[in-house]
Amino acid sequence: MGAIGIDVNEDHLALAETDRSGNLVGIRRIGLNLYGKSEEQAKAAIGDACQEIAKTCVEAGKPLVIERLNLRKRRAELEAVDPVRARARSSFVYAKAIAMLKAASFRAGVEGIVVDPAYTSMIGAVNHARRHGIGSHQGAAYAVARRGLGLSERPSVREAVVPTRNGRLTLTFALPARNRTKQVWSFWAGVRKRLKAAHAAHARSGGNRLPPAPRLPKPRALGATWALPAKPRHANRRQRCSAGVVDNLPW
């Protein structure tokens, strides 16, 4: 059957769809144009995007895998992958998106699977991004989907080549030795330290000022799309729509 994993970001939602064996079959990006919007307008835009994701799950006949809401752990993890994005992350967007995804999937009759958010960004960047020719956020969504299926999170490479903030696959560093007697997350904690150091060195070299790389053919073949920002009609008016879903459901 497979699953659809979601990676929530302050300006978009990244989706990755897998088959029953955990192989990647599709990716997607849904933009969230929330700049200058009121709280009600932002909630309406996020709700519209969540309803679209629930519809995608219904059509695919697959469960939705989302991360357990843990802003402190998520922010600490993103500090290693992208410090600028971690500081800019809106707690409002993340919390509302998680709540609305749960509510939208509940109303659509979609099975929801909640997983621990620990190290999904690093696993996506190291294990999946270069291998599948996708961005780090789609890689994180893929890692979330695989975690929901209970699949392996062991390192698949010995030397990591991960995307930088502008999408270029330029950061290379050796992975630490894995102690197989310990839980695999202890290995990813060591990877986080090395990845953070690699990003810092890349920033000092001025590499972040380079233009972004073009999208590769493989993501296009997987069905990667750049969806228009989730912007409801009459966005400049106060929004009261069903997308502002119940935030107090018993989860």
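Scroll up to find the structure.
Residues numbered from 1 in each chain as written. Predicted model: local features only at pLDDT ≥ 70, side-chain atom pairs only at ≥ 80, totals over all residues. Heavy atoms only, no water.

Ranked by internal contacts, the top residues of the largest apolar core, which has 26 residues, are I6, V8, L13, I46, I53, L64 and L101. Within the residue set of this core, elements represented by two or more residues are β1 (3–8), β2 (12–18), α1 (39–60), β4 (64–67) and α4 (91–108). With eight residues, the top contributor of residues to this core is α1. Apart from residues no more than four positions distant in its own chain, I6 is found in contact with A14, L15, I53, L64, V65, I66, L101, A141 and V144. (Core = buried A, V, L, I, M, F, W, Y, C linked by side-chain atoms within 4.5 Å. Buried < 20%, exposed > 50% of the residue type's maximum accessible area, 1.4 Å probe, protein only. Helix = DSSP H or I, 4+ residues; strand = E, 2+ residues; numbered from the N terminus. Contact = heavy atoms within 4.5 Å.)

The topology assignment puts S105 in helix α4. Take S105: its relative accessible area is 5%, and that puts it in the buried class. Among the polar contacts made by the side chain of S105, one reaches the main-chain carbonyl oxygen of K102 at a distance of 2.9 Å. When neighbours within four sequence positions are excluded, S105 is seen to be in contact with A54, L64 and V110. (Polar contact = N/O pair within 3.5 Å; in protein donor to acceptor, adjacent residues only side chain to side chain.)

Two elements in contact, helix α5 (residues 120–132) and helix α6 (residues 136–148), have axes separated by 7 Å at closest approach and are oriented at 110°. The angle between α5 and α6 places the two elements in the roughly perpendicular class. Between α5, through T120, S121, I123, G124, H128 and H132, and α6, the contact on the second element is made entirely by G139, A140, Y142, A143, V144, R146 and R147. Per-class residue counts for the contact of α5 with α6 are five nonpolar, six polar and two charged. (Axes fitted to C-alpha atoms, helices over the stretch in contact; angles between N-to-C directions. Parallel < 35°, antiparallel > 145°, perpendicular 65-115°, else oblique. Nonpolar A, V, L, I, M, F, W, Y, C, P; charged D, E, K, R; others polar.)

Take it as geometry only, folks, not as evidence of what the structure does.
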